[in-house]
Structures are given as structure tokens and as C-alpha cells.
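Listed here are the chains, written in short residue letters.
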Amino acid sequence: MTYETTRRTVLLATGATGAAALVAACGGGGDDSGSAPTQSPTGDGATSGPAGRVLANIDEIPVGGGKIFMDEKVVVTQPEQGRLKAFSAICTHMHCLVGSVSDGTINCPCHGSKFKIADGAVAHGPATRPLPAEQITVEGNSIRLT
């Protein structure tokens, strides 16, 4: 028995493949609540397990500001002296990389979303969800992504 490929068969197969890819892309599976712990020099939010590679030294992160690590897609902030936080550098609005940290916010250049450096919460839309927290550890003067 032979089967003839019809235009309808090709369109249905293409549509099903596209729908599966869309569902997989939107499925995430991760927690984007921004509640993952970070570690500060004072020991708040201690993490376990081996530390990752060094991102920076503490003195590279300005108090009241932060630094974006584009390769790792992470932003590290220091809202108060000695209190370090880390967040995803991917904007929750349209997934652009954030572009700067200034005036107490992490700023996305694509559509103007701003996030608070202390907790990643939305300070100005169009984003409606906070930046997810990332885990860091501090060993001496070194900040490591874990």
C-alpha cells in the first residue's frame, strides 16, 4: 500500500511541530518568583554545595548599584554596604538582557522596565514579574555564582 503526501498532511504536520515547539518554549518549568536565596558576606541566605567560578570581587560592585555579567546573564547588586544580591539579567517582559544599573534600579533598554536592586521587584513596567534571583556565595572578597 502506498501513501500519497497531500498538502493537508504537510500543513498539519508542520502546525503540530510548531505548536509543540511553542509549548516547550513557554513551559519554563522553573520558578520565576525571584525567591531563590543569595548569600551575603553576613551569611544571609547561605547556599550549600560547591561554589562556581568567581564573578567579581566585592569592591567591584558599587554600594547602591550593581554590575551586569553579560556572559553569565546575571546582575549582582549591593543595595547596602556588605549586602549582595544576584538576579537574572534577562528581563521578564520580553527576555532582553538588562543594560544598566543606576539610581537603585536594574534597567532594561528594550521597553523601559526597571527592577529594584534590593529584591528584583518591578519598579516600572511594562514587566509585571520580578527578576528571578540567582545564587551567589561570598568567600573572602570573591563573589561566586553557584
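So, a few notes on the structure that sits alongside this text. Because the structure is a prediction, the values reported are computed rather than measured. (Residues numbered from 1 in each chain as written. Predicted model: local features only at pLDDT ≥ 70, side-chain atom pairs only at ≥ 80, totals over all residues. Heavy atoms only, no water.)

1. Thoughts on the environment of P79
- Take P79: it is sitting in strand 3 (residues 74–80).
- Relative accessible area serves as the criterion here: at 17%, P79 is assigned to the buried category.
- Once the C-alpha coordinates of P79 and P62 are considered, the two residues, 17 residues apart in sequence, prove to be 8.6 Å apart.
- For P79, the contacting residues outside a window of four places in its chain are G64, K85, I117 and A118. (Helix = DSSP H or I, 4+ residues; strand = E, 2+ residues; numbered from the N terminus. Buried < 20%, exposed > 50% of the residue type's maximum accessible area, 1.4 Å probe, protein only. Contact = heavy atoms within 4.5 Å.)

2. Topic: the sheet that holds strand 2 (residues 65–69)
- The strand order across the open sheet built from three strands is 2-3-4, with neighbouring strands paired in antiparallel fashion. Looking at which strands have only one partner, the edges of the open sheet turn out to be strand 2 and strand 4 (83–88). Sheet twist, expressed as the mean angle between neighbouring strand axes with direction ignored, is 20 degrees.
- Here strand 3 pairs with strand 4 via five bridges, running antiparallel. By the bridge assignment for strand 4, V76 is matched with A86. (Pairing = 2+ DSSP bridges. Axes fitted to C-alpha atoms, helices over the stretch in contact; angles between N-to-C directions.)

3. Thoughts on the nonpolar core
- Of all hydrophobic cores here, the largest spans 15 residues; its most connected members are I68, V75, F87, V98, V101, I106 and F115.
- Not counting residues within four places of it along the chain, the set of residues in contact with V75 comprises K67, I68, K85, A86, F87, S88, A89, V101 and I106. (Core = buried A, V, L, I, M, F, W, Y, C linked by side-chain atoms within 4.5 Å.)

4. A closer look at the pattern of salt bridges
- Evaluated as defined, the whole model comprises four salt bridges.
- One salt bridge connects R83 with E80, and the closest N-O pair in it is separated by 3.3 Å.
- Looking at R83, the relative accessible area reads 23%, which means it is partly exposed.
- Overall, the relative accessible area of 46% leaves E80 in the partly exposed class. (Salt bridge = Lys/Arg side-chain N within 4 Å of Asp/Glu carboxyl O.)

5. A closer look at the pairing of strand 3
- Of all seven residues making up strand 3, six are buried, and the element is well covered by its neighbours.
- Here strand 2 folds back onto strand 3 in antiparallel fashion, the turn holding four residues, of which K73 has a positive phi close to 55 degrees.
- The hairpin turn running from strand 3 into strand 4, its antiparallel successor, is two residues long, and G82 in that turn takes a positive phi close to 80 degrees.

6. Notes on the sheet that holds strand 7 (residues 114–116)
- Pairing is antiparallel in the open sheet, where four strands are placed in the order 5-6-7-8. Sheet topology places strand 5 (100–102) and strand 8 (122–124) at the edges, where each strand pairs with a single neighbour. Direction aside, neighbouring strands of the sheet carry axes that sit 35 degrees apart on average.

7. A closer look at the state of the cysteines
- Per the stated rule, a full pass over the model turns up one disulfide.
- Two residues share a disulfide in this structure: C96 and C110, whose sulfurs sit 2.1 Å from each other. Handedness here is read from the sign of the S-S torsion; for C96 and C110, about -110 degrees, the answer is left-handed. Placement of the pair is C96 in the loop between strand 4 and strand 5 and C110 in the loop between strand 6 (105–107) and strand 7, with a sequence separation of 14 residues.
- Residue class for C96 comes out buried when judged on its relative accessible area of 16%.
- With a relative accessible area of 39%, C110 lands in the partly exposed category.
- C108 supplies the cysteine sulfur nearest to C91, a cysteine that is in no disulfide, at a spacing of 3.9 Å.
- For C91, a relative accessible area of 2% puts it in the buried group. (Disulfide = S-S within 2.5 Å.)

Nothing here speaks to function; it is all geometry.
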